[in-house]
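Tertiary structure, described
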Amino acid sequence: MRINKIKKMMTEGKPVINGWLQIPSTVSAEVMAHQGWDSLTIDMQHGLVDYTNALPMLQAISSTEVTPLARVNWNEPGQIMKILDAGCYGVICPMVSNKEEAEKFVQACMYPPHGYRSFGPVRGLIYGGSDYAKHANTELLKFAMIETKESLEKLDEIMSVPGIDGIYIGPADLSLAIGEEPGFDKPESTKAYSEILRILEHAKKNKIFAGIHNGTPEYALKMIDLGFNFVTIGSDQRAMSAGSKSIVEKMKGSTKAEESKAY
């Protein structure tokens, strides 16, 4: 089976730089895949992507060495199994609040006897290789999102579930759960920042990977320095918006400057 490169990287202590795909387009997925990211996550929760978009996006990503991941929209076994069958090499599952939900998530990702994933990998065999079923349980990454009030009270019971490879922090929902404004790159003075550090320490204690979503490269580098193994920065939609806005502001600023000289 094709080695999960980012799992190997994290095991070796190397941070993974993850990109985020919210636009349902094979073109934007292919463009992003050629920019040097270690992995790309197709967002099927808050992005505009459904399964019929995700499949060709996975095919576009596969034209590179970038590891394909997906965030599903809920802890629903059918959806999890289907995106794995499509050749996804890891799943980020939102709103995992307790041990039972963590177990349900993991078991949907794993073939018997460790889970109840139904056999029929289809494209998984094409992308992963003919021995996919033999190694899928150990190669495919399983990240549970820690972002609810209940999950903050049950960190160890979630993180100690066999088969959980890591946790992923969604700072916006985490902030809402503790009564703060949603957003990324939380300042050190906030309660959300303190919770992020606490979650990270529990991940280290349970010897699993820790990932977090960030708004800027500077904050992501800070998170790596703290010990996070997996960092996401923005998204394709945010990158396009920010890049376009920067160009327009510079052009309109230059135009205004020229107009003022004319007077």
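Higher on the page you've got the structure.
The residue numbers shown here count from 1 along each chain, following its written sequence. Given that this is a predicted model, residues contribute local features only at a pLDDT of at least 70 and side-chain atom pairs are listed and counted only at 80 or more, while totals for whole chains, interfaces and linings are drawn from all residues. Side-chain metrics rest on all non-hydrogen atoms present in the structure, leaving aside hydrogens and water.

Observations regarding the nonpolar core
Inclusion rule: Side-chain atoms within 4.5 Å are what join buried Ala, Val, Leu, Ile, Met, Phe, Trp, Tyr and Cys residues into a set we call a nonpolar core. Think of it in three bands: with a 1.4 Å probe and only protein chains considered, a residue is buried below 20% of the maximum accessible area for its type, exposed above 50%, and partly exposed in between. Counting from the N terminus, the helices are the DSSP runs of H or I reaching at least four residues and the strands are the DSSP runs of E reaching at least two. Should any heavy atoms of two residues lie within 4.5 Å, those residues are considered in contact.
Ranked by internal contacts, the top residues of the largest apolar core, which has 63 residues, are Ile42, Ile83, Phe105, Ile167, Ile199 and Phe228. With six residues, helix H11 (residues 191–205) is the single largest residue contributor to this core. Not counting residues within four places of it along the chain, the set of residues in contact with Phe228 comprises Ile169, Ile196, Leu200, Ala210, Gly211, Ile212 and Met223. Met10, Trp20, Leu141 and Phe230 belong to the second largest nonpolar core, which has 13 residues in total.

Remarks on the pairing of strand S3 (residues 67–71)
Basically, it comes down to this: Here a strand pair is declared whenever DSSP counts at least two bridges between the two strands. Looking down the strands as they point away from you, a crossover is right-handed if its path from the first strand over the helix to the second goes clockwise.
Most of S3 is tucked away: five of the five residues are buried. Every second residue of S3 is oriented toward a common face, with Thr67, Leu69 and Arg71 on one face and Pro68 and Ala70 on the other, all of them buried. Where strand S2 (residues 39–43) lies against S3, five bridges are found, and the strand directions are parallel. Its bridge partner being in S3, Thr41 is matched across the sheet by Leu69. The parallel pair S2 and S3, bridged by helix H3 (residues 51–61), forms a crossover whose chirality is right-handed. Both S3 and strand S4 (residues 90–93) contribute to a ladder of two bridges, which runs parallel. Across the sheet, the residue bridging to Arg71 is Ile92, located in S4. With helix H4 (residues 77–85) bridging S3 and its parallel neighbour S4, the resulting β-α-β unit is right-handed.

So, the packing of aromatic side chains
So the rule is basically this: Stacked, tilted and edge-to-face pairs are distinguished by plane angle, under 30 degrees for stacked and over 60 for edge-to-face with tilted covering the rest, among Phe, Tyr and Trp rings (Trp via its six-membered ring) whose centres lie within 6.5 Å. Comment: the charge-over-ring label is applied if NZ (Lys) or CZ (Arg) is within 6 Å of the ring centre and within 35 degrees of the ring normal.
This model, assessed by the stated rule, comprises five aromatic pairs. Considering the side-chain rings of Trp20 and Tyr168, the 6.0 Å spacing of their centres and the 5 degrees angle between planes classify their relative orientation as stacked. One end of the pair, Trp20, is in strand S1 (residues 16–21); the other, Tyr168, is in strand S6 (residues 166–169), and 148 residues separate them in sequence. The exposure class assigned to Trp20 is buried, which follows from its relative accessible area of 2%. On the basis of relative accessible area, Tyr168 is assigned to the buried category, the value being 1%. Consider the rings of Tyr89 and Tyr127, whose centres lie 5.0 Å apart with planes at 90 degrees: the pair is edge-to-face. Taken as a pair, Tyr89 in the loop between H4 and S4 and Tyr127 in helix H6 (residues 123–128) lie far apart in primary sequence, 38 residues in all. Exposure class is identical for Tyr89 and Tyr127. Each is buried. An aromatic cluster of at least three residues, connected via ring pairs, comprises Trp20, Phe143, Tyr168 and Phe230. Note that Arg2 overlies the ring of Tyr127, its terminal NZ or CZ placed 3.8 Å from the centroid. Directly above the ring of Tyr51 sits Lys82, whose terminal nitrogen or CZ lies 4.8 Å from the centroid.

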